Structure formats: C-alpha cells, structure tokens
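Residue-level listing of the chains:
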Amino acid sequence: MSANDAFHIAVLGGDGIGPEVMAPALEVLRKVETKAGLKFRFTDAPAGANHYRETGKSMPESTVRLCEEADAILLGACGLPSVRYPDNTEIMPQVELRFHFDLYAGVRPARLIPGVPSPIVGADQRGIDMVVIRESTEGLFASMGKGVVTDSEARETLVITRKTSERLFEFSFRLAERRKARGRPGALTCVDKANVFKAFAFFREMFDDAAKRHPDVKTDRLYVDACSALLVKRPWDFDVMVMENMFGDILSDMTAGLIGGMGMAPSADIGDRYAVFQPCHGTAPDIMGQGKANPTAMILSTAMMLDWLADKHGLEGAAEAGERIERAVDKVYADGIKPIEFGGRNGTADIAKAVLEAL
Ligand code: ATP
C-alpha cells in the first residue's frame with residue numbers, strides 16, 4: 001500500500017446514534033486526507049437490530065465480504081433493547097465480527113482531555129491516560145449463545161486459551177513499548193482473579209512468561225476487585241492494563257466514566273490482520289434522533305484507525321493525521337465546548353463543526 005492508493009473503509013453505521021456519530025467522523029477523515037497525502041474510499045453496509053427486524057439476520061453476507069476486502073472497518077453502534085432474538089438476547093453483529101475476524105485485542109484508551117470534567121477529585125491536575133486491553137474473543141464470552149439453562153440452574157463456561165493469550169500479551173507488551181516511546185510510563189498491569197480461579201492462574205502464568213521476554217516493560221499484577229478500587233482512587237497510576245473479556249467489558253465502561261462519559265471513549269478491536277474501530281458506547285436509544293449524541297468517541301476511533309493503518313503500512317502521514325485529529329479534539333475541549341452528555345448545551349452538530357474548524 002502506498003500513500004497514493006485509496007484506503008477502502010467499510011462503514012457500518014448500525015442503529016440508534018451509530019449513524020449519527022458516524023457522519024461527522026467520516027467528515028473528519030475527509031478533512032485530513034489531502035493534507036496527509038491519503039485517500040479514503042468509504043462503502044456503507046447494513047448491520048444491526050434494524051437490519052435484523054427487516055431481514056431476520058444481524059448482517060448480510062455481503063457486509064461480511066465487504067469487511068474482509070476492506071483495509072479497515074468503522075462501526076457506529078449496533079443493537080436495540082426492543083429488538084431481540086427468540087432467546088431474548090440482543091442483536092450484536094459487533095461481537096460476531098470479533099469472532100469472525102479473530103479480533104482478540106479490544107483496545108480501549110481512557111484519556112482525560114483537559115477541560116472535560118472527571119468525577120475523580122484531582123484528576124484534572126494529575127491527568128488520566130490509560131488503556132484497557134480487553135481480550136475479545138474468549139473468556140466468558142466464549143459461552144455466548146451456548147449457555148445452558150434449566151428450571152433449576154444456569155451454566156456458562158469461561159474459556160482461556162494459550163494461543164489467544166500469548167498473542168494478547170505480545171500485543172499488550174508491544175503497545176506498552178510504543179507508549180513508552182511516546183513519553184508515557186509504558187507499564188503493563190495484568191488484571192485477573194488468579195487467587196480464586198485456575199483459569200486466571202493460567203492466564204497470569206502466561207503473562208509472567210511474556211514479561212520475561214519484555215524486561216524493558218515495568219509490570220504489575222492485580223486482582224480485578226482490588227484493581228477496581230484503585231482505578232477510582234488513583235487512576236493516574238495506571239498506564240496499560242490487560243484482562244479477560246468480561247472483566248474488560250466492565251472495567252472499560254468504568255474507565256470511560258472516569259474521563260467524562262461513554263461519548264468520550266474510543267475503541268479498536270484488533271486481530272493479526274483485521275481491525276474494527278468503534279466508540280465504546282452502545283446505540284443510546286434514550287437520546288437517538290435528537291441531535292444530542294457526543295461524536296467525540298467515534299471521531300477519536302478514526303484517529304486510532306489512522307494509527308493502526310500507519311503501523312501496518314509504514315505510512316508516517318497516517319499517524320500524523322491521527323495525531324492531528326486528537327489535537328483538534330483537545331483544542332475544542334480546551335476552548336470550552338460542553339456536550340449535552342455532561343450537562344452542557346452542545347449537541348452532535350456543534351461538536352462536529354468545532355472539530356472540523358479546529359482541523
Ligand atoms: P451497550 O450494551 O450496547 O454498550 P448500553 O445500553 O449499555 O449499550 P449505551 O448505549 O452506551 O449503553 O448508553 C449508556 C448511557 O450513555 C445512555 O444514557 C446513553 O444516552 C449515554 N451515551 C452513550 N453514548 C453516548 C454519546 N455518544 N453521547 C451522549 N450520551 C451517550
């Protein structure tokens with residue numbers, strides 16, 4: 001791939017506020033492409049609860065094919081509480097994509113942007129800048145759709161494999177090293193429950209082995225309960241954390257809460273070959289169609305996409321474009337924009353306009 005080729009991006013807007021936050025994110029990419037010497041070709045594809053309602057499928061085969069052919073996948077948000085499978089679970093093509101493309105590393109940065117209020121006293125002075133890496137293809141989610149429920153009991157099985165864990169830890173150490181190169185501590189914490197469950201002792205053992213191969217990275221190990229307490233007491237002490245799927249599902253929503261809310265938290269689901277970029281938030285049916293959604297998380301997810309494309313294809317221009325998007329977002333918050341999400345007056349259009357102007 002050279003800078004002259006267009007990057008083909010599969011665009012899955014999804015349901016609820018998904019398409020509402022996707023539109024400004026695409027405008028942002030259009031805005032940076034020329035300056036960065038990049039080109040994008042966007043192809044829209046259906047997925048989600050509305051598509052299921054119309055067709056009985058969470059996404060058509062053509063969407064999966066498109067994602068296979070594209071250079072990267074952007075996803076808004078999918079699923080609506082009112083639309084469910086016969087077993088009462090929600091429509092979640094985003095989770096299906098993780099399994100289909102083996103996207104084992106769910107990367108969820110939580111950076112407190114100056115000007116954004118945090119519920120943690122002192123966070124505005126000390127700063128929060130951490131990343132939760134959530135294993136995204138196994139753990140308790142390996143049981144998805146396979147749980148057994150009888151009249152008297154319910155069972156779900158957690159799975160941790162060596163193959164996935166070893167790749168997950170390599171990815172995590174590499175991310176810590178890259179952050180160190182960019183001036184962060186570059187420390188990595190393994191979060192588990194190794195004091196109670198054999199599966200987590202196995203997880204930690206593999207983490208310890210990986211740590212031996214990366215002596216330059218400072219490591220720590222914490223039980224998930226203790227980690228949760230520390231995260232709200234001293235979030236500034238954390239850099240990169242790696243954990244099982246369900247723990248990551250929960251803790252990454254908490255870390256999003258520490259940095260202002262779901263509308264501020266971007267994410268990427270990354271595998272060896274494919275990657276999906278989407279905000280941490282869901283479809284927010286309570287605010288959909290009202291212009292209230294904060295598009296920041298989706299916009300920051302496009303910056304993560306650019307960083308990933310830069311790393312994969314050795315294109316410095318793409319990494320710089322990602323940094324420009326982050327700086328533009330920072331400027332907008334420093335200048336005082338206040339999303340409705342945390343008590344302000346600024347809706348989707350205001351925030352999108354401000355970021356585009358800052359660029
Ligand atoms: P999921 O299970 O798919 O993550 P959810 O219903 O648990 O979805 P969200 O859809 O993320 O959670 O919504 C949780 C709350 O956060 C809602 O009150 C919603 O309005 C709010 N919220 C989520 N995303 C945004 C956003 N981008 N802007 C403003 N508010 C948001």
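The structure this text deals with has already been given above.
Please read all numbers here as calculations on a predicted model, not as lab measurements. (Residues numbered from 1 in each chain as written. Predicted model: local features only at pLDDT ≥ 70, side-chain atom pairs only at ≥ 80, totals over all residues. Heavy atoms only, no water.)

A.B. asks: What exactly am I supposed to notice about the site of the ligand here?
C.D. replies: Residues in close proximity to the ligand include Ile17, Met262, Gly263, His281, Gly282, Thr283, Ala284, Asp286, Ile287, Ala293, Asn294 and Glu341, which together make up its full environment. Here an oxygen atom of the ligand and a backbone polar atom of Thr283 are 3.3 Å apart. Contact between the ligand and Asp286: an oxygen atom at 2.8 Å from a side-chain N or O atom of the residue. Relative to its unbound accessible surface of 620 Å², the ligand loses 61% to contact with the protein. Residues belonging to the shell around the ligand are distributed by class as follows: 5 nonpolar, 5 polar and 2 charged. (Near = heavy atom within 4 Å. Polar contact = N/O pair within 3.5 Å; in protein donor to acceptor, adjacent residues only side chain to side chain. Areas by Shrake-Rupley, 256 points an atom, 1.4 Å probe, with all protein chains shown as cover. Nonpolar A, V, L, I, M, F, W, Y, C, P; charged D, E, K, R; others polar.)

A.B. asks: In this structure, what is going on with helix H10 (residues 296–313)? I would like to understand it.
C.D. replies: Owing to its 3.6 residues per turn, the α-helix brings residues three or four apart onto one side. Here H10 spans 26 Å end to end across 18 residues, near enough to the 26 Å set by a 1.5 Å rise per residue. Just downstream of H10, Gly314 is the residue with a positive phi angle, here 65°. (Helix = DSSP H or I, 4+ residues; strand = E, 2+ residues; numbered from the N terminus. Expected span 1.5 Å × (residues − 1).)

A.B. asks: Would you explain the side chain of Ser136 in this entry?
C.D. replies: Its place among the elements puts Ser136 in the loop between strand E5 (129–135) and strand E6 (148–149). Among the residues examined, Ser136 registers a relative accessible area of 2% and is labelled buried. Residues contacting Ser136, with those up to four places away along its chain left out, are Arg98, Leu103, Tyr104, Ala105, Gly106, Asn245 and Asp269. (Buried < 20%, exposed > 50% of the residue type's maximum accessible area, 1.4 Å probe, protein only. Contact = heavy atoms within 4.5 Å.)

A.B. asks: What should I look at first to understand the environment of Arg345 in this one?
C.D. replies: For Arg345, the location among the structural elements is in the loop between helix H11 (316–334) and helix H12 (348–358). Residue class for Arg345 comes out exposed when judged on its relative accessible area of 78%. The residues touching Arg345, leaving out its near neighbours within four places in the chain, are Lys338, Ile340 and Asp350.

A.B. asks: Can you help me understand the sheet that holds E5 in this one?
C.D. replies: Sheet strands associate in pairs through backbone hydrogen bonding, adopting either a parallel or an antiparallel arrangement. What the 10 strands build is an open sheet, ordered E2-E1-E3-E12-E11-E4-E5-E10-E8-E9; its pairing is mixed. In the strand order of this sheet, the two ends are held by strand E2 (39–44) and strand E9 (218–223), each with one partner. The average angle at which neighbouring strand axes cross in this sheet is 25°, direction not considered. In this sheet, strand E10 (residues 240–243) lies alongside E5 in parallel orientation, the contact comprising 4 bridges. Within E10, the residue paired with Val131 across the bridge is Val240. Against the sheet, helix H4 (residues 93–100) engages strand E1 (6–14), strand E3 (72–77), strand E4 (105–111), E5, strand E11 (266–270) and strand E12 (275–279), with an angle of about 155° to E12. (Pairing = 2+ DSSP bridges. Axes fitted to C-alpha atoms, helices over the stretch in contact; angles between N-to-C directions.)

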